[in-house]
Amino acid sequence: MTPRLASPFDPCAHQGSRVFRLTLAGLALAAAVAAQPPVAAAPAATPAPAPKGAAVVPPTPPTPPAPPPVERVQFEFKLPADQGGGSVTGTAGALETEGEDKAILSGKVELKYRDMVIHAERLVLLRAEQRVLGEGEVVLDQGPRRLSGKTLDYNLETRTGTLTDARAFVQPDLSFTGKVIEKVGEKKFRIQHGTLTSCTGDPTPDWSFRMTSARVELEGYAHIFNTTMWTKKLPVFYLPYVLWPAKLDRASGLLVPNIGYSERRGEYLGLAYFQTLGRSYDTTFYYDWYGKGYYGGGNEFRYRPTAGTRGETSVYFINDVETGDWRWKASWDHESADLPGGMRGVVSFRDFSDFDFFRDFERGSNLSTVRRIPSRAFLSGSWGAHSLNVLVERVQTFLSADSIIEQERLPEIDYNLSKLKLGRAPLYLSFNANASFLSSGLTDSETSSYGRVDLAPELTLPLRLFPWLNLSVAAGGRATWYGDSLPQERKDAAGNWLGNYCGDTPATGANNGFCGAAETRIYPTASAEVVGPVFTRIFERARGPFSKLKHIIEPRWSYSYVGTIDHPESFPLFDERDRVNVYNLGEFALVNRVLAKPRDPKAGGAREILSFSLAQAFSFDDTQPLQTAPDGSKSSSRSALFATLRFYPAQSFTLQAQAQYNTLFGGLDSTSLSATLGLDRVYVGLNWFTRYQADIGETSSDQMRVSIGLEILPKRLSLESQLNYDLLSADLQQQRYTIVYNSQCWGVRIELREFTSIDRQDRDYRFALTLKNVGTFLDLTGGDTTLY
């Protein structure tokens, strides 16, 4: 009963044997119905008359019966064992066969074979050849990859075939189209007259490459020939050949070249090769070419051998045609959080060939103005009240291009015991021990090196005399041994300077100005603090987003004492441990705090939203006044008044203001204001700092920084700006503007910056185009420098 097919895609093939069988069944059902005796029709019910004046509603017509569901054909075909075997299963609207090897399927066909699913309006299965021919909205799914087209000719065993008017989609968001797409291997394709893009969901993508032919290897690269880059329907530029990443995971090979322009170095072409070294290691080699004769290269190596250990090293060299020298930078970052005993190790290393590398080859004011480069490695751990830290550090401070101070700790071992209760008494012991080998000196000059051991014990006794009054007293001291010392100044009885002496011997300047003799420094310390009496008041009335407020007034009195030191000038200065301010003073502060409880329970418990403190210190040593006139004509044992206001009404807004009032001259010493406002699409930051000369009533410095961030289109278009302004000289010291636009598959960043320092003014701009799954594709920079 099967009609002979003139073509595998005969439009009349839907008239198959199953259709004929369904027709016979329908005739039998009609005959059975006709054989039943007639049933008398029931008399129609007489409708009740409508009330007078009411609208007459016509009767609701009966709902027509739902059409019967369309029956689907389920099929299963065994494939020849010598061709790989297996079964082909699926469903179709109709099925026809021609002999044992040919099956014709139609009507939204779904065919499954192993991990492969094919959808089409019509399919022909040639079992002996394990070949599938399809047409009409053909879709081939295999794992994360999908191919679709108008027609399909596919071999199930070799998994190769051809689609016409086709599109292929590969995660993560790589798609290509072609008049003809040939699948020539498990992950290899050939494309004729097609496009390639990472933009999805738009028939006219934001950007694409149109080519005459291409070879694509998934988890590898796409080799594209005679290609033109298009933006929507506008061609941008032509390239005879493009190498494009088509990676699903880390894979070795060449990366997409970066192109750009630098006003100083000319046209730019950046090449990179990425090499995997196993699951936990990889490396990248770079080569950069510039049109004005510059060229550079470098390497980046990454590793993560365990879940808690990772790191990255990089080195980069560039030849400077202006100086004829090779200039370079190097870095190493490492972290290990899974060391034995709960220890943690960190390495952060930075080094540059010269002082001007930042200005010449690094972008951004944070790098071009850097003056201090710390490099350190430490190993730390804590166990209850005990903690240990071993540090190796080098700090380079740039005074000028030819003058660099280098300070090193090789190494420093620091042990700390936090407050540990001694027995049952309310007495707590704190202790810090530090041993280090220090080195300091200028570049290309003799350095000074010496050892240092520092011990600082302290006992603390906290007392709670009343519920509203707290008292805490502490006593301790510090002993520091220096492996070397500095000469001491010596004068005669009349005050005439006699020179520098090491003990009783005149200092000759040997050993880089050191005496070569060890010295020990010991001084006592003591402190006390009284908080209270504390006054509180609760306001039950709701205000704004808060259900209740609590106002706290805390008077605070503190006392600090650091004993005197004999001949302090003989001890070298390296860090804060060596800088000792001898004092005997007390401080009184009145602190007001406001706590608020949110109305919404989900917002958490009560928090501080406002505080204001007013403080002043008093010196008990007449030889150490806390305020002094610039000419020394008058002084005071009282310090300036310090006022601090903090206001945090919401998570989106913070404000802090400080003022220092000089009571000796009755004027301000300094003021500062900082505030931030962060809403859903707007960020504003303000920092304003002013210094005054209270003795003459003039302003000596007035600086302001304003930062603004605006999200104009959510997750698309944003604007950032930062301005540094000197109000005293009316100079705009720095201005930076950044516009960022992110589309579904590309982004643009435009930066404009101007920075003014003491001896130069830099202006530059940058335009960077980033393509999805590729990175920065185009980078154009330029600008000018004015020297003063």
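Residues numbered from 1 in each chain as written. Predicted model: local features only at pLDDT ≥ 70, side-chain atom pairs only at ≥ 80, totals over all residues. Heavy atoms only, no water.

Moving on to the overall build of the protein. Counting its secondary structure elements, the protein contains 3 helices and 47 strands. Residues counted as buried form 34% of the 788 residues belonging to the protein. For the protein, contacts bridging at least 24 residues in sequence account for 43% of all contacts bridging at least 6. Only carbon and sulfur atoms are counted for the fraction: they give 58% of the accessible area of the protein, which is about 44800 Å². (Helix = DSSP H or I, 4+ residues; strand = E, 2+ residues; numbered from the N terminus. Buried < 20%, exposed > 50% of the residue type's maximum accessible area, 1.4 Å probe, protein only. Contact = heavy atoms within 4.5 Å. Areas by Shrake-Rupley, 256 points an atom, 1.4 Å probe, with all protein chains shown as cover.)

Attention shifts here to the pattern of salt bridges. All chains considered together, the criterion is met by 37 salt bridges. Where Glu751 meets Arg766, a salt bridge forms, and the shortest distance between an N and an O atom there is 3.9 Å. Residue Glu751 is located in strand 45 (residues 746-756), and its partner Arg766 is located in strand 46 (residues 760-771); the two are separated by 15 residues in the primary sequence. Given the relative accessible area of 21%, Arg766 is considered partly exposed. Among the charged side chains, a network of salt bridges with common partners joins Arg376, Glu393, Arg409, Glu412, Arg452, Asp575 and Asp578. (Salt bridge = Lys/Arg side-chain N within 4 Å of Asp/Glu carboxyl O.)

Take the sheet that holds strand 29 (residues 497-502) next. Here we have 3 strands laid out as an open sheet, ordered 28-29-30, and antiparallel in their pairing. The outermost strands of the open sheet, each flanked by one partner alone, are strand 28 (488-491) and strand 30 (505-506). (Pairing = 2+ DSSP bridges.)

Turning our attention to the environment of Ala589. Along the chain, Ala589 turns up in strand 34 (residues 583-598). Between the C-alpha atom of Ala589 and that of Leu614, which follows or precedes it by 25 residues, the distance is 5.5 Å. With residues near it in sequence (within four places) discarded, Ala589 still touches Glu554, Pro555, Arg556, Leu614 and Ala615.

If you trace the backbone, Phe189 turns up in strand 10 (residues 188-197). Phe189 gets classed as buried once you look at its relative accessible area, which sits at 2%. Considering only alpha carbons, one finds Phe189 and Arg215, 26 residues apart in sequence, at a separation of 5.8 Å. When sequence neighbours within four positions are dropped, the list of residues in contact with Phe189 reads Leu147, Phe176, Ile181, Glu182, Lys183, Val184, Ala214, Arg215, Val216 and Leu218.

Once that is clear, we can look at the confidence of the model for the protein. For the protein, the average pLDDT comes to 83, and 86% of its residues sit at 70 or higher. In the predicted structure, residues 1-57 sits below a pLDDT of 50 and forms 31 contacts with residues beyond four places in sequence or in another chain. (pLDDT = per-residue confidence, 0-100.)

Right, let's talk about the packing of aromatic side chains for a bit. By the definition in use, this model includes 17 aromatic pairs. Where Tyr295 meets Trp326, the ring centres are 5.5 Å apart and the plane angle is 80°; that geometry is what we call edge-to-face. Within this pair, whereas Tyr295 is found in strand 18 (residues 295-306), its partner Trp326 is found in strand 20 (residues 325-336), the two being separated by 31 residues in sequence. By relative accessible area, Trp326 is classed as partly exposed at 47%. Linked through ring pairs, Tyr268, Tyr290 and Tyr294 together constitute an aromatic cluster. Just above the ring of Trp230 sits the side chain of Arg210; from NZ or CZ to the centre is 3.6 Å. Between Arg265 and the ring centre of Tyr290, over which it is positioned, the NZ or CZ distance is 5.1 Å. (Phe/Tyr/Trp six-rings, centres within 6.5 Å; stacked < 30°, edge-to-face > 60°. Lys NZ or Arg CZ within 6 Å of the ring centre and 35° of its normal.)

Here the focus is the nonpolar core. One broad trend across soluble globular proteins is that nonpolar side chains are buried collectively. Membership of the largest hydrophobic core comes to 48 residues, with the highest contact counts inside it found for Val88, Ile118, Leu123, Leu156, Phe176 and Ile181. Residues in contact with Leu123, not counting those within four places in the same chain, are Ala103, Ile104, Leu105, Val109, Leu111, Ile118, Val132, Leu133 and Gly134. Within the second largest apolar cluster, 13 residues are counted, among which are Tyr268, Tyr294, Ile318 and Ile373. (Core = buried A, V, L, I, M, F, W, Y, C linked by side-chain atoms within 4.5 Å.)

Right, let's get into the state of the cysteines. Scanning the model with the defined rule gives 2 disulfides in all. The disulfide bridge from Cys502 ends at Cys515, spanning 1.8 Å between sulfur atoms. Residues Cys502 and Cys515 are joined by a disulfide whose S-S torsion is about -80°; by sign, that bridge is left-handed. In this pair, Cys502 sits in strand 29 while Cys515 sits in the loop between strand 30 and strand 31 (519-531), placing the two residues 13 residues apart along the sequence. We classify Cys515 as partly exposed; its relative accessible area is 21%. Once the disulfide-bonded cysteines of the protein are ranked by sequence position, their pairing pattern turns out to be 1-4, 2-3. (Disulfide = S-S within 2.5 Å.)

Below, the discussion takes up the pairing of strand 33 (residues 546-562). Where strand 31 and strand 33 come together, 7 bridges link them in antiparallel fashion. Paired with Ala528 across the bridge in strand 33 is Tyr559. Judged from the 5 bridges that link them, strand 32 (residues 535-539) and strand 33 form a sheet pairing that is antiparallel. In the strand pairing of strand 33, Phe535 is matched with Ile553. Where strand 32 hands over to strand 33, the hairpin turn is made up of 6 residues, of which Gly544 adopts a positive phi near 60°. Pairing analysis gives 16 bridges linking strand 33 to strand 34, with the strands arranged antiparallel. Paired with Val562 across the two strands is Tyr583, which belongs to strand 34.

Alignment of strand 43 (residues 717-726) against strand 44 (residues 731-742), held across 10 bridges, turns out to be antiparallel. Note that in strand 44 the partner of Ser718 across the bridge is Val740. A loop of 4 residues connects strand 43 with strand 44, the two strands running antiparallel in sequence, and Ala730 in this loop sits at a positive phi of about 55°. Bridge count between strand 44 and strand 45: 9 bridges; the pairing is antiparallel. The partner of Gln735 across the bridge, within strand 45, is Glu754. The turn linking strand 44 back onto strand 45 is made up of 3 residues.

The next thing to look at is the side chain of Asn432. By the secondary structure assignment, Asn432 is in strand 25 (residues 428-442). Judged by its relative accessible area of 13%, Asn432 is buried. Within the structure, the side chain of Asn432 is placed 3.3 Å from the backbone oxygen of Tyr415, a separation counted as a polar contact. A polar contact is formed between the side chain of Asn432 and the side chain of Asn416, at a distance of 3.5 Å. If near-sequence neighbours (up to four positions away) are discounted, Asn432 is found in contact with Asp414, Tyr415, Asn416, Asp454, Leu455, Ala456 and Arg577. (Polar contact = N/O pair within 3.5 Å; in protein donor to acceptor, adjacent residues only side chain to side chain.)

A few words now on unusual backbone geometry. Looking along the chain, the bond that leaves Leu410 and enters Pro411 is cis, with omega of -10°. Note that the residue after Gly532, namely Pro533, is joined by a cis bond; omega there is -5°. Inspection of the secondary structure assignment puts Pro533 in the loop between strand 31 and strand 32. The residue Arg114 is not glycine, and still its phi comes out positive at about 55°. Along the chain, Arg114 turns up in the loop between strand 4 (102-113) and strand 5 (116-126). In the Ramachandran plot, Lys715 falls in the positive-phi region, its phi being about 60° despite a non-glycine side chain. Within the secondary structure, Lys715 is located in the loop between strand 42 (698-713) and strand 43. Exposure remark for Lys715: the relative accessible area of 74% places this residue in the exposed category.

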